[in-house]
Amino acid sequence: MSDGVLREGALSGTRIAVLVESDYYEPEIFYYQRRFAEEGAEVDFLTRLWGNDSITFTGHEYRAPFTATQSLEGLSDAELRRYAALIVPSGMVADRLRYTEDVDVLAPATELLRRAFEEPTVLKGIICHGMWLASSIPDKIRGRKVVCHNNLIGDVRNMGGEYVDEDVVVDGDLVTGRTGAHHHLFARRIIELIAAGRGRGAG
């Protein structure tokens, strides 16, 4: 990778988790579905299933349907460590997934993200409004260099994060992107990092 060119199947044998809910940004989610697979990764779309076998969500731009069948709840630490990256996408996904019935208990998706921050072999990818999901775990962002949508800069600073005015920012095992429109740059950086041996998961 010293020449900046990815070898074919650069992510072969790896798994990537992408959170999903209604009002997702279709160009982004469909890009992840194909782009990561193109590099040989297995891509899992995780959500809160609320006791259902599957839920069909609708996109924000075109109301396109997307059916999710994999639950983010009950994921063991061993299963979490098998992922090379956990991605919190743009749109309203994070806002919907940060709902909690008990205000004194983290939402299941936020708890999963918190646990992912405890696993250095798992890259954490947060783009645009995805930073909403981390609002209840500010200690995980405190002192980190991040970028987010302009609307969330105040949130990031209140969490103790250091806002950086770039399209994609890497701080250790945390990769952040400015907006959903930057998903291609964001995804490429994640692919490069995994191909370089960062965020390989635990097999």
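All values reported here derive from a predicted model rather than from experimental measurement.

### Some details on the pattern of salt bridges
Inference 1: Taken as a whole, this structure holds 21 salt bridges when the rule is applied.
Inference 2: If you follow the salt bridges from partner to partner, you end up with Lys124, Arg144, Asp171 and Asp173 in one network.

### Quick word on helix α4 (residues 108-117)
Inference 1: With 7 of 10 residues buried, α4 is to be regarded as a mostly interior element.
Inference 2: Where α4 is concerned, the buried positions are Ala109, Thr110, Leu112, Leu113, Arg115, Ala116 and Phe117.

### What about the pairing of strand β2 (residues 42-47)?
Inference 1: Burial within β2 is extensive, with 5 of its 6 residues counted as buried.
Inference 2: The pairing of strand β1 (residues 15-19) with β2 spans 5 bridges and is parallel. Directly across from Leu19, in β2, lies its bridge partner Leu46.
Inference 3: A crossover links β1 with its parallel partner β2, the connecting element being helix α1 (residues 26-38), and its sense is right-handed.
Inference 4: Pairing of β2 with strand β5 (residues 70-71), which is carried by 2 bridges, proceeds in the parallel orientation. In the strand pairing of β5, Leu46 is matched with Gln70.

### Comments concerning the nonpolar core
Nonpolar side chains tend to gather and get buried jointly when the protein is soluble and globular.
Inference 1: Judged by nonpolar contacts, the single largest core of 67 residues is most densely connected at Ile16, Leu19, Tyr32, Phe36, Leu113, Met131 and Ile190.
Inference 2: If we skip the residues at most four places from it in the chain, Ile190 touches Phe36, Ala85, Ile87, Leu123, Gly125 and Val175.

### Observations regarding unusual backbone geometry
Inference 1: Even without glycine at this site, Arg63 takes up a positive phi of about 60°.
Inference 2: Note on placement: Arg63 falls in the loop between β3 (55-58) and β4 (65-68).
Inference 3: The backbone phi angle of Cys128 is positive, close to 60°, even though this residue is not glycine.
Inference 4: Along the chain, Cys128 falls in the loop between β7 (123-127) and β8 (145-146).
Inference 5: Relative accessible area serves as the criterion here: at 6%, Cys128 is assigned to the buried category.

### A short note on the UniProt feature "domain: DJ-1/PfpI" (unreviewed entry) in the chain
Inference 1: As recorded in UniProt, the sites labelled "domain: DJ-1/PfpI" (unreviewed entry) are residues 15-192.
Inference 2: Summarising residues 15-192: 28% helix, 25% strand, and an end-to-end C-alpha distance of 15 Å.

### Quick notes on the packing of α1 against helix α6 (residues 183-195)
Inference 1: For the pair α1 and α6, the least separation of the axes is 10 Å and the interaxial angle reads 30°. Comparing their axes, α6 and α1 come out roughly parallel. Note that α1 runs across α6; the crossing there is right-handed. The residues of α6 that touch α1, namely those facing Pro27, Glu28, Tyr31, Tyr32, Arg35 and Phe36, are His183, His184, Phe186, Ala187, Arg188, Ile190 and Ile191.
Inference 2: Considered class by class, the residues forming the contact of α1 with α6 number 8 nonpolar, 2 polar and 3 charged.

Parameters and conventions
- Residues numbered from 1 in each chain as written.
- Predicted model: local features only at pLDDT ≥ 70, side-chain atom pairs only at ≥ 80, totals over all residues.
- Heavy atoms only, no water.
- Salt bridge = Lys/Arg side-chain N within 4 Å of Asp/Glu carboxyl O.
- Buried < 20%, exposed > 50% of the residue type's maximum accessible area, 1.4 Å probe, protein only.
- Helix = DSSP H or I, 4+ residues; strand = E, 2+ residues; numbered from the N terminus.
- Pairing = 2+ DSSP bridges.
- Right-handed = clockwise from strand over helix to strand, strands pointing away.
- Core = buried A, V, L, I, M, F, W, Y, C linked by side-chain atoms within 4.5 Å.
- Contact = heavy atoms within 4.5 Å.
- UniProt positions renumbered as here; feature names shortened; annotations may be inferred.
- Axes fitted to C-alpha atoms, helices over the stretch in contact; angles between N-to-C directions.
- Parallel < 35°, antiparallel > 145°, perpendicular 65-115°, else oblique.
- Left-handed = near helix turned anticlockwise from the far one by under 90°.
- Nonpolar A, V, L, I, M, F, W, Y, C, P; charged D, E, K, R; others polar.

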